[in-house]
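Below are the chains, spelled out letter by letter.
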Amino acid sequence: MRVLSAVPPIPQTEAARLTELETFEILDTLPEQAYDAITKVAAYICDAPIALISIVDADRQWFKSTHGLDVSETPRDIAFCPYAIMNPEELMVVPDATPDERFSSNPLVTGDPEIRFYAGAPLVTRSGNALGTLCVIDRTARDLTADQRQALEALSVQVMALLDLRRTYKDLEATHQQLRDVMRQRDTFIATVSHEIRTPLTAVIGYIGLLADPNAGLSPAERAELMATVGRQAGEVSHMIDDLLMAAKAESGSL
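Residues numbered from 1 in each chain as written. Predicted model: local features only at pLDDT ≥ 70, side-chain atom pairs only at ≥ 80, totals over all residues. Heavy atoms only, no water.

Draft legend 1. Highlighting the sheet that holds strand β2 (residues 60-67). A sheet is described by the order of its strands in space; here six strands give the open sequence β3-β2-β1-β6-β5-β4, paired in antiparallel fashion. Strands with a single pairing partner mark the edges of an open sheet, and in this sheet they are β3 (73-75) and β4 (92-94). The mean inter-strand angle of the sheet, taken between neighbouring strand axes irrespective of direction, is 25°. Direction of pairing for β2 relative to β3: antiparallel, over a ladder of three bridges. By the bridge assignment for β3, R60 is matched with P75. Contacts from helix α2 (residues 33-45) reach β1 (50-56), β2 and β6 (130-138) within the one sheet, and its direction differs from that of β2 by about 80°. (Pairing = 2+ DSSP bridges. Helix = DSSP H or I, 4+ residues; strand = E, 2+ residues; numbered from the N terminus. Axes fitted to C-alpha atoms, helices over the stretch in contact; angles between N-to-C directions. Contact = heavy atoms within 4.5 Å.)

As structure tokens, then:
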């Protein structure tokens, strides 16, 4: 049975945080060189054997990138990063986890990978939600220098910039698809309207030709009936054109 020193707290804005996290569509995606390069640099700058880009989901922390640790995720209730996201504007540093009541009996401390030192820089969105952290871990109790702290925070900003860029690309891709769908609908609409207009116009042209033919032998009553039919068909075409103009105004935002 696993006994923990403490259960990670939940941010008051957890529902909004998880909703925004979904918009990034980052969970369970494949490794990417751009993110792996950042964890490698973070490990080097902080002189740490392990560096992670950790995304805190509802019941787990999932790693977009790992350096020095061969796992893809851990349960949220034993993770360090859920503590770090509680203060999005601050770098969280745990110099030694063994005497820390939050982590002293944590299985990640008492067992593999035997965490002693942890530092996590929150990945903060424009709306202020922390999605996770860029963190470094060591098996030896220690601390970061002021320069290392600043560098880790700067690298976390770069991670967030990559996530924002990825989401923007996805949004543009979705918009492009919507435009393609609209163009297909427009083509179908134009083809349908062209057919609907052509039908009464063809009839009108035929009737006018008949009315103009001196050898048609039309009686006054037949001529009057044809004239009335031409008027009705022309009215239908006029209504269709009015509808098209109305639709064009609505689409351009002028209606």
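Draft legend 2. Region of the structure containing the side chain of D100. Assignment of secondary structure puts D100 in the loop between β4 and α4 (107-110). By relative accessible area, which is 17% here, D100 ends up buried. (Buried < 20%, exposed > 50% of the residue type's maximum accessible area, 1.4 Å probe, protein only.)

Draft legend 3. Main features of the pattern of salt bridges. Enumeration over the complete set of coordinates arrives at 12 salt bridges. Here R126 makes a salt bridge to D164, at a shortest N to O gap of 3.6 Å. In this pair, R126 is assigned in the loop between β5 (117-124) and β6 and D164 in helix α5 (residues 146-212), connecting sequence segments 38 residues apart. Residue classification places D164 among the buried positions, given a relative accessible area of 12%. (Salt bridge = Lys/Arg side-chain N within 4 Å of Asp/Glu carboxyl O.)

Draft legend 4. View of the environment of K64. Following the sequence through the fold, K64 ends up in strand β2. A C-alpha to C-alpha distance of 6.5 Å links K64 and P31, two positions 33 residues apart in sequence. When sequence neighbours within four positions are dropped, the list of residues in contact with K64 reads I26, T29, L30, P31, E32, Y35, D36 and I53. There is a polar contact of 2.5 Å between the side chain of K64 and the backbone oxygen of L30. (Polar contact = N/O pair within 3.5 Å; in protein donor to acceptor, adjacent residues only side chain to side chain.)

Draft legend 5. Up close: the pairing of β5. With respect to burial, β5 is a largely interior element, seven of its eight residues being buried. The pairing of β4 with β5 spans three bridges and is classified as antiparallel. If you follow M92 over to β5, its bridge partner there is G120. In this sheet, β6 lies alongside β5 in antiparallel orientation, the contact comprising eight bridges. Counted as the bridge partner of A121 is L134 from β6.

Draft legend 6. Just helix α1 (residues 14-24), in detail. Of the residues making up α1, those classed as buried are E14, R17, L18, E20, L21 and F24. For α1, the angular spread of the buried residues around the axis is 165°, confining them to a single face. Among the exposed residues of α1, those oriented more than 90 degrees off its buried face are A15 and E22. Of the residues flanking the end of α1, it is E25, one or two places downstream, whose phi is positive at about 50°. (Arc of directions from axis to C-beta.)

Draft legend 7. Fine view of unusual backbone geometry. The omega angle of the peptide bond from D112 to P113 is 10°, so this bond is cis rather than trans. Residue placement: P113 occurs in the loop between α4 and β5. A positive phi angle, close to 50°, is found at E25, a residue other than glycine. The residue E25 is located in the loop between α1 and α2 in this model. Backbone geometry places D47, a non-glycine residue, at a positive phi of 55°. Relative to the elements of secondary structure, D47 occurs in the loop between α2 and β1.

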